[in-house]
Amino acid sequence: MKGTIFSKSPAKDPAISEYGMQRRNLLKYFGASAALISIGTACKKDDDTPASNGGVNLGSGDVGILNYAYALEQLEAAFYLQVVATPYSGMTALETEYLTDIRNHEVGHREFFKAAITAAAPSMIIPALEVNFSSIDFTSRTSVLNTAKAFEDLGVTAYNGAGQLISTSGNGPTYLGLAGKIVSVEARHAALIADLIANGTFAATTDANGLDMARTPAQVLAIAGAYIKTQIDASNLPS
Amino acid sequence: MNLQNIITEIEKVDPEVYERFDTRRKVMKNFANLSGKIALAAVPLAVTSMFNKAYGQTPGDVNAVLNFALTLEYLEAEFYNNIVGSAGYLTASAAAQAALTKIRDDENKHVAFLKTVLGAAAVAKPTFDFTAGNGSGTGPFAGYLANYTVQLAMAQTFEDTGVRAYKGQAANLQINRTALTAALNIHSVEARHASHIRQMRRALDAAIPAGQKPLKPWITLNYSGIDFPPAQAGINLSFAGEEVTTQAGVNIIGLGGTYNTASAASEGFDEPLTSAQVLTIVDPFIV
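As the structure is a prediction and not an experimental result, all values here were calculated from the model. (Residues numbered from 1 in each chain as written. Chains lettered and ligands numbered in written order. Predicted model: local features only at pLDDT ≥ 70, side-chain atom pairs only at ≥ 80, totals over all residues.)

**Student:** Honestly, the overall build of chain B in this entry has me stumped. Any pointers?
**Tutor:** A count of helices and strands for chain B gives 11 helices and two strands. Mapped in sequence order, the helices and strands of chain B form the string α-α-α-α-α-α-α-α-α-β-β-α-α. Within the span of chain B, comprising 287 residues, buried residues form 48% of the whole. (Helix = DSSP H or I, 4+ residues; strand = E, 2+ residues; numbered from the N terminus. Buried ≥ 20, exposed ≤ 12 C-beta atoms within 10 Å, placed from the backbone.)

What follows is the structure in structure tokens.
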């Protein structure tokens, strides 16, 4: 602590100088944490931050992340509602039970985010999204289960990647905890669906370290976009 | 990650960053030593530990959390290493044996990964007693090596506990984005394992309490789905608290229609365990 800043811009009033010192101490302790947070950002300057596209804006900060999760849960819930309403031919009793459970969970997730965002930032919640399932053949077991697997694996990687974008202060840690409560259920779904397609493939997606993947919102939305008619603008999400 | 860029960024808000590390020369020397000694993946963590020292900022202490995770992974890995090839395992179907082998391999990879990340800071593997006898070798799970049903009950308990344990530590890793994401990427794999083990137990249908059938890949209320009187109280600790149906003040039951009963509302959200709760659960298995 050598007071270099003060020697460069000497305070005229000793009282202000003292105040300045306090502010400086504050910077020392709080500014430091801001700097630590920015490390991740500094490393990711080349990342593919999506440009604004005039679509439904997810918003910024933690509310943006909640809207992002809400968008994905809307997609999943809409899919499973359709799957259960119009079962594919040959759906077994066990498959019906599992897919109905998953539908219920996804509707719960969707409605939870709707309620939570409405409570936290009523003016910032995104509307109901219009989905596009024209590429899915709901009469075909193969088509439905392959799509379900894609959605569940995408959901896992989306939540895994979003965790680090949630703020470390305020409600951030609570939101991270809530995302954690949901992502493991998505992983349970993902494993089950994979097993329905080919028994024993519940964790076939893990890498050389035995880890699941994480995806950025841009990567996730590029994939999910094929099933969402509504244009989504993720350009203000944290990175 | 360019370390010099990071220091430059920090210097903008904290001109004395170098002084915190003693001198600029020492900082650079430390970095040089670091990069020579540890794997690239571990660099961000090592940097964090330097910053923790420099700023006295140790919210949750990232290394402590990772060592906690490593201890659980040691437990899981050794458990699967023991049962794969055991007499009980050999009574299982080929598909079941393949699944247990896959999970064993994942757990061993998790151990190796966390040890690499922690480097010299990694804790040593404890000595385990999988009978849950604290070293006596005569705990309630004595004989587990010969009993496939008991093996699966233990596997499910360990996996579901692991999911809840990682979840409970997420907020303590927020200071280090790399560590947080790595932990989340392990967390979801433990959930995949739990999902499959539960399917295996359902197929077996043995030792699932009548009131808790059918057993599902997700956790219904606080049901363990396990009927094993000698260790029931300990097993139940791994599922206690899973029955909640309110999240962040929002009652999930009945949300959006008739889809969410109490069972579905509890299944849709897994609950965290604190480190103290986890340590109570695993204590009987550690000598």
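Now that the structure is up, let's keep going.
**Student:** What should I look at first to understand the overall build of chain A in this one?
**Tutor:** The number of helices and strands found in chain A is seven helices and two strands. Ordered by position in the sequence, the α and β elements of chain A form the string α-α-β-α-α-α-α-α-β. By the burial criterion, 44% of the 239 residues in chain A qualify as buried.

**Student:** What am I meant to see in the environment of V84 of chain B here?
**Tutor:** Residue and element names in this part refer to chain B. By secondary structure assignment, the location of V84 is in the loop between α5 (62-83) and α6 (94-118). Owing to 16 C-beta atoms within 10 Å, V84 belongs among the partly exposed residues under this scheme. Along the chain, V84 and S195 lie 111 residues apart, while their C-alpha atoms are 19 Å from each other. When near neighbours in sequence (up to four residues on either side) are disregarded, V84 contacts Y89, L100, T101 and R104. (Contact = placed C-beta atoms within 7 Å.)

**Student:** I would appreciate a short explanation of unusual backbone geometry in the present structure.
**Tutor:** Excluding glycine, residues mostly carry a negative phi; peptide bonds, for their part, are mostly trans. Residue and element names in this part refer to chain B. Of note, the bond from K213 into P214 is cis; its omega dihedral lies within 30 degrees of zero at -5°. Tracing the chain through its elements places P214 in the loop between α8 (177-204) and α9 (232-237). Despite not being glycine, L221 has its phi angle at roughly 45°, a positive value. Examined against the element boundaries, L221 turns out to sit in the loop between α8 and α9. Overall, the presence of 15 C-beta atoms within 10 Å leaves L221 in the partly exposed class. With a phi close to 50°, A248 is a non-glycine residue in the positive phi region. Along the chain, A248 turns up in the loop between β1 (246-247) and β2 (250-251).

**Student:** Could you clarify how one ought to interpret the packing of helix α7 (residues 148-169) of chain B against helix α11 (residues 275-282) of chain B in this entry?
**Tutor:** For any two helices packed against each other, one specifies the inter-axial angle together with the distance between the axes. All names here are of chain B. Here α7 crosses α11 at 155°, and the two axes come no closer than 9 Å. With respect to each other, α7 and α11 are oriented roughly antiparallel. Both α7 and α11 take part in a crossing whose hand is left-handed. Here T161, A165, G168 and Q169 of α7 come into contact with α11, specifically with S275, V278 and I281. Class assignment for the residues of the contact of α7 with α11 results in three nonpolar, four polar and no charged. (Axes fitted to C-alpha atoms, helices over the stretch in contact; angles between N-to-C directions. Parallel < 35°, antiparallel > 145°, perpendicular 65-115°, else oblique. Left-handed = near helix turned anticlockwise from the far one by under 90°. Nonpolar A, V, L, I, M, F, W, Y, C, P; charged D, E, K, R; others polar.)

**Student:** It is not clear to me how the confidence of the model for chain B should be interpreted in this structure. Could you clarify?
**Tutor:** Note: predicted coordinates in regions of low pLDDT should not be interpreted at a detailed level. All names here are of chain B. Here chain B averages 86 in pLDDT, and 79% of its residues register 70 or above. Overall, residues 1-10 carries pLDDT values under 50, and its contacts beyond four positions in sequence, including any with other chains, amount to 15 contacts. Note that residues 12-44 has pLDDT below 50 and, in this model, 42 contacts with residues that lie over four places away or in other chains. Reported confidence for the predicted complex is 0.82 by ipTM and 0.81 by pTM. (pLDDT = per-residue confidence, 0-100.)

**Student:** I would appreciate a short explanation of the packing of helix α3 (residues 61-85) of chain A against helix α5 (residues 141-162) of chain A in the present structure.
**Tutor:** All names here are of chain A. Taken N-terminus to C-terminus, the directions of α3 and α5 make an angle of 165°; their axes are 11 Å apart at the nearest point. Here α5 runs roughly antiparallel to α3, going by the angle between their axes. The handedness of the crossing between α3 and α5 comes out as left-handed. Two secondary-structure elements touch here, α3 through I65, Y68, A69, L72, L75, E76, F79 and V83 and α5 through V144, T147, F151, G155, A158 and A162. Among the residues making up the contact of α3 with α5, the classes are represented as 11 nonpolar, two polar and one charged.

**Student:** Help me understand the confidence of the model for chain A in this model?
**Tutor:** Per-residue pLDDT for chain A has a mean of 84; in total, 79% of the residues score no lower than 70. Under a pLDDT of 50 for its full length, residues 1-47 of chain A has, in the predicted model, 38 contacts with residues more than four places off or in other chains.

**Student:** Mind showing me how you'd approach the environment of T142 of chain A here?
**Tutor:** Residues and elements named next belong to chain A. Along the chain, T142 falls in helix α5. The class of T142 is exposed, set by 10 C-beta atoms lying within 10 Å. Each C-alpha atom of the pair T142 and G172 lies 39 Å from the other, and the pair is 30 residues apart in sequence.

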